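As a plain string of letters, each chain reads:
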Amino acid sequence: MIGTDPVTVPLRARPRRLPLLGTLLLFWTLLATAQAPISEAKVEALVEALRLSAPQAGAGLYSDWQVKPDNIVRWSRRCLNQDVTPDQFAADPALARQVVACVMGNVLREQLAASNNNEIVAVQRAAAWWMSGDPEQYRNGATGDYTLKVLEAYLRFF
């Protein structure tokens, strides 16, 4: 019987199960990846990207991350349950990194949710929050330029 044997069925008449299965598998993988929580490695990459992208030392700012003194006090209380002075923060890069990672891990997770699980946008929004206090500014002016610089540094880690 011609046409019923799989060998003799013309290619265009064969069912296309493999591409559909592959497409479903790809969609499932992307969905699972998009909803995965932010790892500590990604938080550390953001923290390092912020350090690498920091402007030149500004007056009244401390450490490689160029942090305002009032933020140092508030963040160290929240993250370490202790008061850290700006001078202590500037003198101890490991301590500064710990505090910045604590703060920015939360910010990055919040921005991931706000960006509909778009990690690229979340990193930019987190960088805008870091620079201006407003994640919505991630595409605007000097803040937008800065967020792209942070994103570029962040992506080098992956």
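All values reported here derive from a predicted model rather than from experimental measurement.

Quick look at the overall build of the protein chain now. Scanning the protein chain from terminus to terminus reveals seven helices and zero strands. Burial status across the protein chain gives 35% buried among its 158 residues. Taking as baseline every contact in the protein chain between residues at least 6 positions apart, the subset at least 24 positions apart corresponds to 48%. A total accessible area of about 10,000 Å² is found for the protein chain, and carbon and sulfur atoms account for 57% of it.

Our focus in this paragraph is the packing of helix H2 (residues 40–53) against helix H6 (residues 119–132). Running from N to C, H2 and H6 cross one another at 45 degrees; their axes reach a closest spacing of 11 Å. With respect to H6, the element H2 is oriented oblique. The hand of the H2/H6 crossing is right-handed. Residues Lys 42, Leu 46 and Leu 50 of H2 pack against Glu 119, Val 123, Ala 126, Ala 127 and Trp 130 of H6. In the contact of H2 with H6, the residues fall into six nonpolar, no polar and two charged.

Taking 1.5 Å as the rise per residue, H2 with 14 residues should run 20 Å; its terminal C-alpha atoms sit 20 Å apart, in good agreement. Along H2, the positions that sit buried rather than exposed are Val 43, Ala 45, Leu 46, Val 47, Glu 48, Ala 49, Leu 50 and Ser 53. Looking at the packing, one finds that the buried side of H2 touches helix H5 (93–114), H6 and helix H7 (141–155).

It is worth spelling out the nonpolar core at this point. Core analysis: the biggest nonpolar cluster contains 35 residues, and Leu 46, Leu 50, Met 104 and Trp 130 have the highest contact counts within it. Only H2, helix H3 (69–80), H5, H6 and H7 provide two or more residues apiece to this core. The leading source of residues in this core is H5, at ten residues. Apart from the residues lying within four places of it in its own chain, the contact partners of Leu 46 are Met 104, Leu 108, Val 123, Ala 126, Val 150 and Tyr 154.

Another aspect to go through is the packing of aromatic side chains. Going through the model one piece at a time under the given rule, you end up with three aromatic pairs. Geometrically, the ring pair formed by Trp 75 and Trp 129 is stacked, given 6.2 Å between the ring centres and 25 degrees between the ring planes. Of the two residues, Trp 75 is situated in helix H3 and Trp 129 in helix H6; the sequence distance between them amounts to 54 residues. Joined through ring pairs, the aromatic side chains of Trp 75, Trp 129 and Trp 130 make up one cluster. Above the face of the Phe 158 ring, Lys 42 is positioned so that its terminal group lies 5.9 Å from the ring centre.

Moving on: the side chain of Glu 48. Among the structural elements, Glu 48 can be located in helix H2. Within the local environment of Glu 48, its side chain forms a polar contact with the side chain of Arg 51, the two groups lying 2.5 Å apart. If sequence neighbours within four positions are ignored, Glu 48 has contacts with Arg 97 and Phe 157.

For Thr 147, the location among the structural elements is in helix H7. Given a relative accessible area of 0%, Thr 147 falls into the buried group. Setting aside anything within four residues of it in sequence, one finds Thr 147 in contact with Gln 124, Ala 127, Ala 128 and Tyr 138.

What follows is about the environment of Arg 74. Looking at the secondary structure, you find Arg 74 in helix H3. Look at Arg 74 and you get partly exposed, because its relative accessible area is 43%. Arg 74 sits ten residues away from Val 84 along the chain, and the two C-alpha atoms are 8.9 Å apart.

Definitions and cut-offs
- Residues numbered from 1 in each chain as written.
- Predicted model: local features only at pLDDT ≥ 70, side-chain atom pairs only at ≥ 80, totals over all residues.
- Heavy atoms only, no water.
- Helix = DSSP H or I, 4+ residues; strand = E, 2+ residues; numbered from the N terminus.
- Buried < 20%, exposed > 50% of the residue type's maximum accessible area, 1.4 Å probe, protein only.
- Contact = heavy atoms within 4.5 Å.
- Areas by Shrake-Rupley, 256 points an atom, 1.4 Å probe, with all protein chains shown as cover.
- Axes fitted to C-alpha atoms, helices over the stretch in contact; angles between N-to-C directions.
- Parallel < 35°, antiparallel > 145°, perpendicular 65-115°, else oblique.
- Left-handed = near helix turned anticlockwise from the far one by under 90°.
- Nonpolar A, V, L, I, M, F, W, Y, C, P; charged D, E, K, R; others polar.
- Expected span 1.5 Å × (residues − 1).
- Core = buried A, V, L, I, M, F, W, Y, C linked by side-chain atoms within 4.5 Å.
- Phe/Tyr/Trp six-rings, centres within 6.5 Å; stacked < 30°, edge-to-face > 60°.
- Lys NZ or Arg CZ within 6 Å of the ring centre and 35° of its normal.
- Polar contact = N/O pair within 3.5 Å; in protein donor to acceptor, adjacent residues only side chain to side chain.

By themselves these figures say nothing about function.
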